[in-house]
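Overview (structure and organization)
Read off the chains here:
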Amino acid sequence: MTSFRVLVAIVAGLALITVPAKADNNDVFNFAINLECLESQFYQYAAYGEFRNASLLAGGPPAQGGKKALLSAGVQTIAAEFARDETAHLAFLRKVAGAAAVPCPQIDLVNSFPAVIKAALGSRAGNSNFSPYDNDVNFLLSAFLFEDVGATAFAGAVPVLVGGVAQGAAAGIGGVEAYHGGLLRQWLFENGDIIVQPFGIQVVSFVQALSDLRAKVGGGKDEGITIPAADASFYGPDILEFFQANIVPADSDAKIFARTPQEVLAIVYGGNANQPGGFFPAGLNGSIK
Ligand SMILES: *[C@@H]1O[C@H](CO)[C@@H](O)[C@H](O)[C@H]1NC(C)=O
Ligand SMILES: CC(=O)N[C@H]1CO[C@H](CO)[C@@H](O)[C@@H]1O
């Protein structure tokens, strides 16, 4: 009997760690709050140079290293709109989680990006630094890192949540993340032949490297912005003649990929779901982390 009980306890414990179906709605909302703390602050800093909704940190520390990005007028409107959407998501999730809502965790908006870029590019990164705040391309590549992850995270949350209202809310938020991701992917495809400096790598290849990294640590479930037909580095300015667009990342039923919390964590922690780092140097707040 004892060993049976121990076994049950072990299995139950494992289930808590690996099977998100055991999480209750507020656990899931809190997981999402952490992601929205990241996105809301990143876009507000990029658009305005400050985070204008300090109360939404709920006592958590302001993100480190965010600043106004040098953006063209067109991309500035994208940054402002994404900031508005992600801030509304954060406010909404705080409302539905109510008293159970966690404060924003410590977030790194400066060292995280170059670390991820180095992990994605490997030796191609050289000793170059990367800042999302330098120009349109760097900002949009950085936003690309987040939006597909958000979309897949909310798709993963829907079946875990209990009740149609909660599921509808998660689907609604995930839909907006997917709109953002689609916009970014289209822009990056159209500008696929721009060389990302100082790396000397075309946007289309840069995006592929980021997608490959997310796939490697995040359970597959990722695609770049082209249907690869050739070596992107080879074609120079005529690259778009050699590639077909793959704006929509989706499975073989053309359904959005759904990531588990562990797969999402591995991406935002910078490689390992069990080791805080990357954008969340002290880990997430809440019970899913
Ligand atoms: C965020 O702050 C701005 C500027 O103060 C304000 O207009 C907006 O209503 C706030 N949004 C939320 C969701 O609190
Ligand atoms: C309530 C709670 O869990 N707060 C923690 C959130 O995360 C930061 C670090 O990122 C901790 O300092 C807080 O204690």
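Just above sits the structure.
Residues numbered from 1 in each chain as written. Chains lettered and ligands numbered in written order. Predicted model: local features only at pLDDT ≥ 70, side-chain atom pairs only at ≥ 80, totals over all residues. Heavy atoms only, no water.

What follows concerns the site of ligand 1. In the vicinity of ligand 1, the residues found are Arg52, Asn53 and Ala91. Between an oxygen atom of ligand 1 and a side-chain N or O atom of asparagine 53, the distance comes to 2.4 Å. Compared with its free state, where it exposes 360 Å², ligand 1 has 38% of that area covered by protein. (Near = heavy atom within 4 Å. Polar contact = N/O pair within 3.5 Å; in protein donor to acceptor, adjacent residues only side chain to side chain. Areas by Shrake-Rupley, 256 points an atom, 1.4 Å probe, with all protein chains shown as cover.)

This brings us to the pattern of salt bridges. For the coordinates displayed, the defined rule picks out eight salt bridges. In this structure, arginine 185 engages aspartate 148 in a salt bridge whose closest nitrogen and oxygen atoms are separated by 2.8 Å. With arginine 185 in helix H6 (residues 164-190) and aspartate 148 in helix H5 (residues 136-157), this pair connects stretches of sequence that are 37 residues apart. Among the residues examined, aspartate 148 registers a relative accessible area of 9% and is labelled buried. Salt-bridge contacts for glutamate 263 lead to lysine 221; the nearest nitrogen and oxygen are separated by 2.7 Å. Taken together, the residues glutamate 263 in helix H8 (residues 261-268) and lysine 221 in the loop between helix H7 (203-217) and strand S3 (226-227) connect sequence positions 42 residues apart. Salt bridges sharing partners connect three or more residues here, namely Asp148, Arg185, Arg214, Asp222 and Arg259. (Salt bridge = Lys/Arg side-chain N within 4 Å of Asp/Glu carboxyl O. Helix = DSSP H or I, 4+ residues; strand = E, 2+ residues; numbered from the N terminus. Buried < 20%, exposed > 50% of the residue type's maximum accessible area, 1.4 Å probe, protein only.)

What follows deals with the site of ligand 2. Close to ligand 2 lie Pro103, Pro105, Gln106, Ala282 and Asn285, which account for all nearby residues. Backbone polar atom of glutamine 106 to an oxygen atom of ligand 2: 2.8 Å apart, as the coordinates give it. Contact between ligand 2 and asparagine 285: an oxygen atom at 2.4 Å from a side-chain N or O atom of the residue. Protein contacts shield 50% of the accessible area of ligand 2, which totals 360 Å² for the unbound molecule. Of the residues assigned to the shell around ligand 2, the class counts are three nonpolar, two polar and no charged. (Nonpolar A, V, L, I, M, F, W, Y, C, P; charged D, E, K, R; others polar.)

Within the structure shown, the criterion is met by 13 aromatic pairs. With 5.0 Å between their ring centres and 70 degrees between their planes, phenylalanine 146 and phenylalanine 279 make a pair best called edge-to-face. A residue pair is termed long-range when its members are at least 10 positions apart, and phenylalanine 146 in helix H5 and phenylalanine 279 in the segment after H8 qualify at 133 residues. For the pair formed by phenylalanine 146 and phenylalanine 279, the shared burial category is buried. The structure contains a cluster of three or more aromatic residues connected by ring pairs, namely Phe42, Tyr43, Phe82, Phe113, Tyr133, Phe139, Phe146 and Phe279. Directly above the ring of tyrosine 48 sits arginine 52, whose terminal nitrogen or CZ lies 3.7 Å from the centroid. Between arginine 214 and the ring centre of phenylalanine 144, over which it is positioned, the NZ or CZ distance is 4.3 Å. (Phe/Tyr/Trp six-rings, centres within 6.5 Å; stacked < 30°, edge-to-face > 60°. Lys NZ or Arg CZ within 6 Å of the ring centre and 35° of its normal.)

Packed helices, taken two at a time, are described by the angle their axes make and the gap between the axes. Packing of helix H2 (residues 25-48) against H5 leaves a shortest axis separation of 11 Å and a crossing angle of 160 degrees. In terms of their interaxial angle, H2 and H5 are classed as roughly antiparallel. Along this stretch, H2 crosses H5, giving a crossing that reads as left-handed. Contacts from Val28, Ala32, Leu35, Glu36, Leu38, Glu39, Phe42, Tyr43 and Ala46 in H2 reach Phe139, Ser142, Ala143, Phe146, Glu147, Ala153, Phe154 and Ala157 in H5. (Axes fitted to C-alpha atoms, helices over the stretch in contact; angles between N-to-C directions. Parallel < 35°, antiparallel > 145°, perpendicular 65-115°, else oblique. Left-handed = near helix turned anticlockwise from the far one by under 90°. Contact = heavy atoms within 4.5 Å.)

With that settled, the discussion passes to unusual backbone geometry. Backbone torsion omega between glutamine 197 and proline 198 reads 0 degrees, so that peptide bond is classified as cis. For alanine 58, which is not glycine, the phi torsion reads 55 degrees and is therefore positive. In the Ramachandran plot, alanine 254 falls in the positive-phi region, its phi being about 60 degrees despite a non-glycine side chain.

Before going further, it helps to spend a moment on the environment of asparagine 53. Here asparagine 53 is to be found in the loop between H2 and helix H3 (73-97). When the C-alpha positions of asparagine 53 and threonine 87 are compared, they lie 8.0 Å apart, and in sequence the two are 34 residues distant. For asparagine 53, the contacting residues outside a window of four places in its chain are Gln44 and Thr87.

Structurally, the position occupied by isoleucine 267 is in helix H8. Between the C-alpha atom of isoleucine 267 and that of valine 217, which follows or precedes it by 50 residues, the distance is 6.2 Å. Those residues within four positions of isoleucine 267 in sequence are excluded, and the remaining contacts are Val149, Arg214, Val217, Gly218 and Arg259.

Let's shift gears to H3. Between the first and last C-alpha of H3 there are 36 Å, a value that for 25 residues agrees with the 36 Å anticipated at 1.5 Å per step. In the stretch just after H3, glycine 98 is the one whose phi turns positive, near 55 degrees. (Expected span 1.5 Å × (residues − 1).)

As a further point, take the side chain of glutamate 36. For glutamate 36, the position within the fold is in helix H2. For glutamate 36, the residues in contact, after removing those within four places along its chain, are Gln41, Glu86, His89, Leu90, Leu93, Phe154, Ile173 and Glu177.

Engagement of the side chain of aspartate 148 in a polar contact is seen with the side chain of arginine 214, the distance being 2.8 Å. Beyond its immediate sequence surroundings of up to four residues, aspartate 148 is in contact with Gly181, Arg185, Arg214, Pro249 and Arg259.

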